[in-house]
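Residue-level structure breakdown
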Protein chains: 2
Amino acid sequence: MLDLTPVEAVACCSPLMSTPLSKEAAEGIAPLLKALADPVRLRLMSLVAAHENAEACVCDLNDAFDLSQPTISHHLKVLHEVGLLDRTKRGTWVYYRVNPDAVAAVANLFGVVRAAGEASAPAGAR
Amino acid sequence: MLDLTPVEAVACCSPLMSTPLSKEAAEGIAPLLKALADPVRLRLMSLVAAHENAEACVCDLNDAFDLSQPTISHHLKVLHEVGLLDRTKRGTWVYYRVNPDAVAAVANLFGVVRAAGEASAPAGAR
DNA sequence: CCAGTACATTGATGTATGTCGATATGCCAC
DNA sequence: GTGGCATATCGACATACATCAATGTACTGG
């Protein structure tokens, strides 16, 4: 029932705005939005994304907030669990990286028009 | 108590993936995402948007869910309070309409690429 | 004015969430 | 191995949220 007609649907308006979301689709995307629906996590995402190499270690992120280290760790875990952030451990440090596919999944809701190859480009460009 | 200025405060802010979001920008946009971060409300948004004339009366929406009428009313109120849905009463019925500016504010976060004239078209074309 | 319909508000209840301090784990240097 | 640093997990707490049944409000038709 969710027949996405990419070009037209996206050209005029977003899937959210054109096609009634199925119960399953809504329940699939809502957790991603929920993870993003917190000021701290929003800033974490943008900090990681804006960091050089599109990755950031926790120590950098901790300093950007007035919150305790466990709290930041908790928020990073939430973002990681829904797939918005990837986690890599190198030595003592843990680096988080934005998962472009997960972001694209949310962005598609709002009719983001992306070049087909763009989503995978950052991963390959590393 | 709810002192957020939903759409205006956020319409200018930078995309999530390029510039680190300021504390204020994050706190401005998070309530919109929070309102959307629920499967029922996501479906409500898409149902209203997909309805003819881009507006729907509560009676139509109630029937699309297995939830009680007060619960749907509550979700509509949440979406209305952050500015994502506009409310109009005509006779006995109440009609909800998507506010394209509010949706655009969220979409901008994800770097939505829209045709230049398109963003203002829905608002103006009404 | 009365009854009925459409929608909102209230009050209650269980669950989820954000935050912290304390503690655990894992890595490194000596 | 010991001590120290980076990060995660745990337990506790207060607050917020989704949901419902009951009730309130506002409009309509007779």
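Residues numbered from 1 in each chain as written. Chains lettered and ligands numbered in written order. Predicted model: local features only at pLDDT ≥ 70, side-chain atom pairs only at ≥ 80, totals over all residues. Heavy atoms only, no water.

1. As for the overall build of chain A
Summing up its helical and strand segments, chain A has 8 helices and 3 strands in all. Going from the N terminus to the C terminus, chain A shows its helices and strands as α-α-α-α-β-α-α-β-β-α-α. Within chain A, the fraction of its 126 residues that count as buried is 43%. Carbon and sulfur atoms make up 56% of the accessible area of chain A, which amounts to about 6,500 Å² in all. (Helix = DSSP H or I, 4+ residues; strand = E, 2+ residues; numbered from the N terminus. Buried < 20%, exposed > 50% of the residue type's maximum accessible area, 1.4 Å probe, protein only. Areas by Shrake-Rupley, 256 points an atom, 1.4 Å probe, with all protein chains shown as cover.)

2. Description of the protein's contact with DNA strand C
Lining the immediate surroundings of DNA strand C are 24 residues, of which Thr71 and His75 of chain A together with Gln69, Ser73 and Arg87 of chain B lie closest. Contact between DNA strand C and Arg87 of chain B: a phosphate oxygen at 2.5 Å from a side-chain N or O atom of the residue. Between DNA strand C and Val94 of chain B there is a distance of 3.2 Å, counted from a phosphate oxygen to a backbone nitrogen or oxygen. A per-class count over the surface near DNA strand C returns 9 nonpolar, 9 polar and 6 charged. (Near = heavy atom within 4 Å. Polar contact = N/O pair within 3.5 Å; in protein donor to acceptor, adjacent residues only side chain to side chain. Nonpolar A, V, L, I, M, F, W, Y, C, P; charged D, E, K, R; others polar.)

3. Quick word on the nonpolar core
Of all hydrophobic cores here, the largest spans 74 residues; its most connected members are Leu42 and Phe110 of chain A together with Leu42, Leu84 and Phe110 of chain B. Considering each element in turn, this core owes the most residues, 8 residues, to helix 1 (residues 23-36) of chain B. If we ignore the near neighbours within four places in the chain, the residues touching Leu42 of chain B are Leu16, Leu21, Ala26, Ile29, Ala30, Leu33 and Leu109 of chain A together with Leu36 of chain B. (Core = buried A, V, L, I, M, F, W, Y, C linked by side-chain atoms within 4.5 Å. Contact = heavy atoms within 4.5 Å.)

4. Some points on the relation of the copies chain A and chain B
Superposition record for chain A on chain B: RMSD 0.2 Å, screw rotation 180°, translation along axis 0.0 Å. The transformation relating the two chain copies, once decomposed into turn and shift, fits a two-fold axis. In this assembly, 92% of the residues forming the interface of chain A have copies in chain B that are likewise at the interface, indicating an isologous arrangement. (Least-squares fit on C-alpha atoms with pLDDT ≥ 70 in both.)

5. Description of the interface of chain A and chain B
Taken together, the 38 residues of chain A in the interface contact 36 residues of chain B. When chain A packs against chain B, close to 2,800 Å² is buried across both sides, 77% of that on carbon and sulfur atoms. Counting the surface chain A buries against chain B, the share from its top three residues, Met17, Leu42 and Phe110 of chain A, is 22%. Joining chain A to chain B, the criterion identifies 0 salt bridges. Summed over the shared surface of chain A and chain B, the number is 2 residue pairs in polar contact (both at pLDDT 80 or more). A per-class count over the side of chain A that touches chain B returns 27 nonpolar, 5 polar and 6 charged. (Buried area = accessible area lost by both parts, 1.4 Å probe. Salt bridge = Lys/Arg side-chain N within 4 Å of Asp/Glu carboxyl O.)

6. A closer look at unusual backbone geometry
Not every positive phi belongs to a glycine, and Ala54 of chain A is a case in point at roughly 55°. The exposure class assigned to Ala54 of chain A is partly exposed, which follows from its relative accessible area of 31%. In this model, Asn53 of chain B sits at a positive phi of 65°, which is unusual for a non-glycine residue. Relative to the elements of secondary structure, Asn53 of chain B occurs in the loop between helix 2 (39-50) and strand 1 (55-57). Judged by its relative accessible area of 63%, Asn53 of chain B falls in the exposed class.

7. Section: helix 4 (residues 39-50) of chain A
All names here are of chain A. Here helix 4 is 12 residues long and its end C-alpha atoms lie 16 Å apart, about the 16 Å a rise of 1.5 Å per residue gives. The buried fraction of helix 4 amounts to 9 of the 12 residues, a majority that puts the element mostly inside the structure. Among the residues making up helix 4, those that are buried are Val40, Arg41, Leu42, Arg43, Leu44, Met45, Ser46, Val48 and Ala49. If you check the start of helix 4, you find a side-chain oxygen 2.8 Å away from the backbone N of Val40, and it comes from Asp38. (Expected span 1.5 Å × (residues − 1).)

8. Overview of the sheet that holds strand 3 (residues 93-98) of chain A
Residue and element names in this part refer to chain A. Strand order in the open sheet formed by 3 strands is 1-3-2, and the pairing between neighbours is antiparallel. One side of each edge strand has no neighbouring strand; the edge strands of this open sheet are strand 1 (55-57) and strand 2 (85-90). Averaged over all neighbouring strand pairs, the angle between strand axes comes to 25°, with direction disregarded. (Pairing = 2+ DSSP bridges. Axes fitted to C-alpha atoms, helices over the stretch in contact; angles between N-to-C directions.)

9. Things to note about the protein's contact with DNA strand D
Looking at DNA strand D, there are 24 residues lining it, with Arg87 and Tyr96 of chain A together with Arg41, Thr71 and His75 of chain B nearest. Among the atoms of DNA strand D close to the protein, meaning within 4 Å, 75% are from sugar or phosphate groups. At 2.9 Å, a backbone N or O of Cys59 of chain A approaches a phosphate oxygen of DNA strand D. Between DNA strand D and Arg41 of chain B, the relevant distance is 2.8 Å, taken from a phosphate oxygen to a side-chain nitrogen or oxygen of the residue. Elements supplying a minimum of two residues to the surface near DNA strand D: helix 5 (58-63), helix 6 (69-81) and strand 3 of chain A together with helix 4 (69-81) of chain B. Along the lines of polarity and charge, the residues of the surface near DNA strand D split into 9 nonpolar, 9 polar and 6 charged.

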